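Examination of the molecular architecture
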Amino acid sequence: MTAQINAPFYRCHSHPILSLILHKSAILIEGIYTMKELPDSQSKHSNHIEELQRKIDEHEVRLEQFERIEETLRGSEERYRSVIDNVDVGIALISPAMEIISLNNQMKRWFPFIDMGDKPICYKAFNNPPRDSVCSYCPTCKTLQDGKVHKAVTSTPSGGKVRHFKIIASPLRDKKGEVVAAIEMVDDITKKKQAANLLKEERKIFFSVLQKAPYGAVIIDRKGKYLYMNEEFTTITGYDLKDVPRGIDWFLEAYPDPEYRKEVLKAWKEDISMKGITRTFTIQCKDGVEKDIEFRSTKLNSDRYLSMLSDITERKKAEAALLKARDELELRVAERTQELVKLNHDLEENITLLKGVNAELETFSYSISHDLKTPTIAVEGFSRILLERYGEKLDTKAKNFLRMIGESTSQMRELIDNLLAYSALGRKKPKFSLVDISRMVGEVFDQLKAVYLGRSMYLSVNPTPTINADKTMIRQVILNLLSNAIKYSRLKAQTDVKFGGWSEPGRVVYYVQDNGVGFPMEHMGRLFDVFERLHPSEEFEGTGIGLATVKRIVQRHGGEVWAQSTVNEGATFYFSIPIVS
């Protein structure tokens, strides 16, 4: 019976007030039903039962009202819980025993490993590794003790790292005003703390750089007060913050002339501060010395400026000296230019004159050579006729004289021919064409073998690149070099001649190598001069023009000639021809 009576009233047992009312109502109803089962002799209590029934009815009405209130409270609680769970601030409810009663979602995200079923203690659960006692600065502990609001910034260990939280603890009181719990409002300020530390470090570095900077630096606020001044500023000017605590003090000290001071102030307002333009002024230092100072300003923020200055006194002096030197140099250059113009004019006249002289010399040389050729031929011919017609009537000595005259005139004619050919090179312009020089070397050598019949001669030709050159002139070069190689190798049992070449950037190099008598390298510079001979004509015939002709032809092509040799070990002659299209 009792269970059936009590069952309907305990459906709202979750609320403590409703539970109390239900409990009392159950006792009262149980008493009424007990009285109804008493004998009729006790009917005298019927009035009392009716009174009890009336009260029961009143309780049921009130119970329905409480149920509606409880439902409303439950809805409000859910709304408040939703708000609390979705804010980005951590909220925790802590008991006087430092037990965590409740955590909102933000706190659960920060501390996902806290199990509320284990009745966690805050100073153990919120620290990794766990603490053994309450933190000395704990604002929650202080709130639970004195019932006041307390704040603190913590450095909480979190698995090898440190997280920083800002905590505001507020008391939660019951109807009697007793503190039954503390509400923690928690904000993770780790990033803010790191940013603040970084800013602090950067500020420290900034001032360290300014302090060691090779230029003067001063930080000024919007009202003109000097907030900072580095050592270099004092070194340059002699002033420190005690001497010039404000901008106006600096201007009065550094620019004692009122008119100049106005000019500087105007420049600061219009150019340096507003536009960041660098300007130079002459200041008076603390010791009275004047210096040229370069000023520039940078806006740090809306209230502060960084003004930097450099002592350019020595640089200005150097610039002035340089300007003076430049003016003097320009004057000297102008004078020298006039001299060079005159020298150039004289040189042009000399070149013109020299060209005329050279032309006359070539004409003279050609004329002399040509004019000498005819009488030389005549002398040679008459000497031969004398020997042929009157040889029997002449004694041996006379015959030898005639032979010597014939040989001399023959050498003279050869020399004249070589001079005419050498002279013609100065007037002839090269006609460029593709030259297969390896083939040309073989042809010339075959012709020379016919001249030197009976001589044992061997030619080795290595593969060589072709060139663009005057074929006739290059043939003369090859003929002269091969002739020399054969001539100066005649003392050997066999004449060995090698020819080859290779390409280099911008040019092709060829060589002719023999196994002849060679020559001392100290005489190499004379080899290519006209009429220069390193060996007596009694040993080796020649006129001394062959190598000079080689040099002149190669130079007409824009190339070079040179040689290498060791006495009695042969010689190698090189010549280069530029690569042209």
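The following refers to the structure shown. (Residues numbered from 1 in each chain as written. Predicted model: local features only at pLDDT ≥ 70, side-chain atom pairs only at ≥ 80, totals over all residues. Heavy atoms only, no water.)

1. With respect to the overall build of the protein
Counting its regular elements, the protein contains 15 helices and 17 strands. Out of the 581 residues belonging to the protein, those deemed buried represent 33%. Long-range contacts, defined here as pairs at least 24 residues apart, represent 53% of the contacts in the protein between residues at least 6 apart. For the protein, the exposed area adds up to about 36900 Å²; of that, 55% sits on carbon and sulfur atoms. (Helix = DSSP H or I, 4+ residues; strand = E, 2+ residues; numbered from the N terminus. Buried < 20%, exposed > 50% of the residue type's maximum accessible area, 1.4 Å probe, protein only. Contact = heavy atoms within 4.5 Å. Areas by Shrake-Rupley, 256 points an atom, 1.4 Å probe, with all protein chains shown as cover.)

2. Describing the environment of Tyr 123
Among the structural elements, Tyr 123 can be located in helix α5 (residues 122-125). Here Tyr 123 falls in the buried class, since its relative accessible area comes to 17%. Residues Tyr 123 and Met 98, spaced 25 residues apart in sequence, show a C-alpha to C-alpha distance of 7.7 Å. Beyond its immediate stretch of four places on either side in the chain, Tyr 123 contacts Met 98, Arg 131, Asp 132, Ser 133 and Val 134.

3. Notes on the pairing of strand β10 (residues 304-311)
Here is the key point about a regular strand: its side chains alternate between the two faces of the sheet. Pairing between strand β6 (residues 216-221) and β10: 6 bridges, direction antiparallel. Within the sheet, the bridge partner assigned to Asp 221 lies in β10 and is Arg 304. Looking at chain direction, strand β9 (residues 290-299) and β10 are connected through 7 bridges and run antiparallel. Each bridged residue has a counterpart across the sheet, and for Ser 297 the counterpart in β10 is Ser 307. The hairpin turn running from β9 into β10, its antiparallel successor, is 4 residues long. (Pairing = 2+ DSSP bridges.)

4. What to know about the pattern of salt bridges
One pass over the full model with this rule turns up 17 salt bridges. Between Glu 319 and Arg 315 there is a salt bridge; the shortest N-O distance is 3.5 Å. With a gap of 4 residues between them, Glu 319 and Arg 315 both fall in helix α11 (residues 313-390), about one helical turn apart. The partly exposed category is assigned to Glu 319, whose relative accessible area is 39%. The exposure class of Arg 315 is partly exposed, given its relative accessible area of 41%. Through salt bridges that share partners, Glu 294, Arg 296, Arg 315 and Glu 319 make up one connected network. (Salt bridge = Lys/Arg side-chain N within 4 Å of Asp/Glu carboxyl O.)

5. Some remarks on the side chain of Thr 237
Position of Thr 237 relative to the elements: it lies in helix α8 (residues 231-237). From its side chain, Thr 237 meets the backbone oxygen of Phe 233 in a polar contact 2.8 Å long. Non-local contacts of Thr 237, meaning those with residues more than four positions away in its chain, are made with Trp 250, Ile 283, Cys 285 and Lys 286. (Polar contact = N/O pair within 3.5 Å; in protein donor to acceptor, adjacent residues only side chain to side chain.)

6. Thoughts on the packing of helix α14 (residues 471-487) against helix α15 (residues 546-556)
Here α14 crosses α15 at 150°, and the two axes come no closer than 9 Å. Our pair here, α14 against α15, has a crossing hand that is left-handed. Of α15, the residues touching α14 (which contributes Met 473, Gln 476, Val 477, Asn 480, Leu 481 and Asn 484) are Gly 546, Leu 547, Thr 549, Val 550, Ile 553 and Val 554. Each residue belonging to the contact of α14 with α15 can be placed in one class, and the counts come to 7 nonpolar, 5 polar and no charged. (Axes fitted to C-alpha atoms, helices over the stretch in contact; angles between N-to-C directions. Left-handed = near helix turned anticlockwise from the far one by under 90°. Nonpolar A, V, L, I, M, F, W, Y, C, P; charged D, E, K, R; others polar.)

7. Quick word on the packing of aromatic side chains
Tallying each qualifying case throughout the model produces 17 aromatic pairs. With a centroid separation of 5.4 Å and 55° between ring planes, the pair formed by Phe 233 and Trp 250 is classed as tilted. Note that Phe 233 is positioned in helix α8 and Trp 250 in helix α9 (residues 247-254), a separation of 17 residues in sequence. According to the relative accessible area criterion, Phe 233 is buried, its value standing at 2%. Ring centres of Tyr 255 and Tyr 260 lie 5.9 Å apart, and the angle between their planes is 65°; on these two criteria the pair is classed as edge-to-face. Put simply, the rings of Phe 233, Tyr 239, Trp 250, Phe 251, Tyr 255, Tyr 260, Trp 268, Phe 281 and Phe 295 touch in pairs and so form one group of aromatic residues. Lying over the aromatic face of Phe 111, Arg 163 brings its terminal NZ or CZ to 5.7 Å of the ring centre. Over the aromatic face of Tyr 215 sits the side chain of Arg 296, whose NZ or CZ is 5.6 Å from the ring centroid. (Phe/Tyr/Trp six-rings, centres within 6.5 Å; stacked < 30°, edge-to-face > 60°. Lys NZ or Arg CZ within 6 Å of the ring centre and 35° of its normal.)

8. Observations regarding the sheet that holds strand β8 (residues 279-284)
The strand order across the open sheet built from 5 strands is β7-β6-β10-β9-β8, with neighbouring strands paired in antiparallel fashion. Strands at the two margins of the open sheet, each flanked by one partner only, are β7 (226-229) and β8. Taking the axes of each pair of neighbouring strands and ignoring which way they run, one obtains an average angle of 30° across the sheet. Along the sheet, helix α10 (residues 258-275) contacts β8, β9 and β10; its crossing angle with β8, the most-contacted strand, is approximately 145°.

9. A short note on a nonpolar patch on the surface
Nonpolar side chains collect at one region of the surface, where Leu 386, Tyr 390 and Leu 394 lie side by side and expose about 240 Å² of accessible area between them. Counting through the fold element by element, Leu 394 comes out in the loop between α11 and α12 (396-427). A relative accessible area of 31% places Leu 394 in the partly exposed class. (Patch = residues over 30% accessible without salt bridge, like charges linked within 9 Å, V, L, I, M, F, W, Y side chains within 5 Å.)

Limitation: the analysis is restricted to geometry and does not speak to function.
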